[in-house]
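# Chains, contacts and geometry: an overview
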Amino acid sequence: MVDGWEWDETLFSGTAAYYARGRLPYAPGLAQALSDVLRLDGQGRLLDVGCGPGTVALTLVGLFREVVGVDPDSGMIAEAGRQAVRAGVAGKARWVRARAEELPAGLGTFTAVSFAQSFHWMDRDLVAATVRDMLRPGGVLLHISDLRTTPPAAADLPHPAPPRAAIDELVRKYLGPVRRAGRGTLPQGTPGDEATVFTRAGFTGPDRHVVPGGEPLTRDCDDLVAEVFSMSFSAPHLFGPHLPAFEADLRRVLQDASPSGRFSVRQPGTEVFVWRQGQAAVPRTAT
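A short tour of the structure in this document, coming up. (Residues numbered from 1 in each chain as written. Predicted model: local features only at pLDDT ≥ 70, side-chain atom pairs only at ≥ 80, totals over all residues. Heavy atoms only, no water.)

## What to know about the packing of helix α8 (residues 221–229) against helix α9 (residues 243–257)
The criterion, for reference: Only the stretch in contact is used when fitting a helix axis, every axis being a line fitted to C-alpha atoms; angles between N-to-C directions are given from 0 to 180 degrees. Each helix corresponds to a stretch of at least 4 residues labelled H or I by DSSP, and each strand to a stretch of at least 2 residues labelled E; elements are numbered beginning at the N terminus. Reported orientations rely on four angle classes, namely roughly parallel under 35 degrees, roughly antiparallel over 145, roughly perpendicular from 65 to 115, and oblique for the rest. In this scheme the crossing of two helices becomes right-handed for a clockwise turn of the near helix relative to the far one and left-handed for an anticlockwise turn of less than a right angle. In what follows, a contact means two residues having at least one pair of non-hydrogen atoms within 4.5 Å. For this classification, the nonpolar set comprises Ala, Val, Leu, Ile, Met, Phe, Trp, Tyr, Cys and Pro, the charged set comprises Asp, Glu, Lys and Arg, and every other residue, Gly included, is treated as polar.
The contact between α8 and α9 brings their axes to 10 Å, and the two run at 135 degrees. If you check the angle between α8 and α9, you find them oblique. Crossing geometry of α8 relative to α9 is assigned as right-handed. Taking contact as the criterion, the partners of C221, D222, L224, V225, V228 and F229 in α8 are, on α9, L243, F246, E247, L250, R251, L254 and Q255. Looking at the contact of α8 with α9 residue by residue, the class counts come to nine nonpolar, one polar and three charged.

## Brief notes about the side chain of D249
This is how it is decided: Two N or O atoms count as a polar contact when they lie within 3.5 Å, although within protein this holds only if one can serve as hydrogen donor and the other as acceptor, and sequence-adjacent residues are included solely when both atoms are side-chain atoms.
Within the element layout of this structure, D249 appears in helix α9. In this structure the side chain of D249 is engaged in a polar contact, spanning 2.6 Å, whose partner is the side chain of Y174. Within the local environment of D249, its side chain forms a polar contact with the side chain of R252, the two groups lying 2.2 Å apart.

## Comments concerning the layout of surface pockets
Gaps left between atoms are located by rolling a probe of water-molecule size over the structure's atoms. We apply this condition: Using only the protein atoms, space was sampled on a 1 Å grid; points where a 1.4 Å probe fits but cannot get out form cavities, open sets with protein on both sides within 12 Å along at least five of seven lines form pockets, and lining residues are those with an atom within 4 Å of a point. Grid points are joined across faces, edges and corners, and a volume is the space filled by probe spheres set on the points.
The volume enclosed by the second largest pocket comes to roughly 180 Å³. As for the second largest pocket, its lining consists of D168, V171, R172, L175, G176, P177, V178, R179, R180 and F233. With four residues, the single largest contributor to the lining of the second largest pocket is helix α6 (residues 164–175). Considering only residue class, the lining of the second largest pocket consists of five nonpolar, one polar and four charged.

## Points about the nonpolar core
Nonpolar side chains tend to gather and get buried jointly when the protein is soluble and globular. Put simply, the rule is: The set of buried Ala, Val, Leu, Ile, Met, Phe, Trp, Tyr and Cys residues whose side-chain atoms join them within 4.5 Å is what this entry labels a nonpolar core. Burial classification: accessible surface area is computed with a 1.4 Å probe over protein chains only, and a residue below 20% of its type maximum counts as buried, one above 50% as exposed, and the rest as partly exposed.
Ranked by size, the top nonpolar core spans 30 residues in total, and within it L34, L60, W95 and L142 carry the most contacts. For this core, the secondary structure elements donating two or more residues are α2 (30–38), α3 (55–59), α4 (74–87), β3 (93–97), β4 (110–116), β5 (135–146) and β11 (270–277). Excluding residues within four positions of it along the chain, L142 makes contact with L34, L38, A112, V113, S114, F115, V272, F273 and V274. Within the second largest apolar cluster, 25 residues are counted, among which are M122, V197, F198 and F203.

## Concerning the packing of α6 against α9
How two helices pack is summed up by the angle between their axes together with the distance between the axes. Between α6 and α9, whose axes approach to 10 Å, the crossing angle comes to 160 degrees. In terms of their interaxial angle, α6 and α9 are classed as roughly antiparallel. Regarding α6 and α9, the two cross each other, and that crossing is right-handed. Seen from α6, the contacting residues are A166, I167, L170, V171 and Y174; seen from α9, they are A245, F246, D249, L250, V253 and L254. Tallied by class, the residues present in the contact of α6 with α9 amount to ten nonpolar, no polar and one charged.

## Describing the pattern of salt bridges
The condition that has to hold: One speaks of a salt bridge when a side-chain nitrogen belonging to Lys or Arg is within 4 Å of a carboxyl oxygen belonging to Asp or Glu.
As enumerated under the stated definition, the model contains 20 salt bridges in all. One connected set of salt bridges, linked through shared partners, spans R21, D220, D222, D223, E247 and R251.

Following this line, the structure appears as structure tokens:
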């Protein structure tokens, strides 16, 4: 956890309904790539920790007999259930409201455990050690994120790029210069160096796999408003009574940037680090 910050239940409060529309999807070849790499036979179990509205769990549901999503936010769990029903896979998916720190929570053992842009919110050493013990022999940990590279130039795209700098400035105008996170703030952002944490927990690797993106996507003003409200640092509740005014100002910023109300972005690639069970971590002894 970040020094000086503690998780609280408002971190993603009110954001779940905006995810499906606001967040860009993972690269479309993700499920096939993992099927090829892991040689899955459809009989295992997946635990998705910090599952949000089920985005990754439902993307990979066809590769497993059962997927279990865990998230502390009740809105996320409810939205994941609705998305599973819409996808016709509710019988293969189970959603559990719990913090990652409460695992194993009687959930059993798994073929794979995934963290999709969620691990940084947790007590990382505790959670990594716990999920390692929840893996079946030969099981894997999947650390999934958007590929953080500079996208190709947008000159050949039909619409303007979203005005990211102007949006960020507007958020700061309403919420202050320090990044918000639940009831607290994160002046230095969230922690990195996951490799050290996973290695310390007894995992070996990783094997890195990139699923390419790059496809042009068209976004409208409603999509970008939803994107802003899907973020922990600009969750709707943070604006309090100023929420309507903020949204009105946000829509003006978007309209000024593109009078047609349309924007062009490129589908991000997806990066997956596959970690495998090694020797169990040796507990540290006091000196």
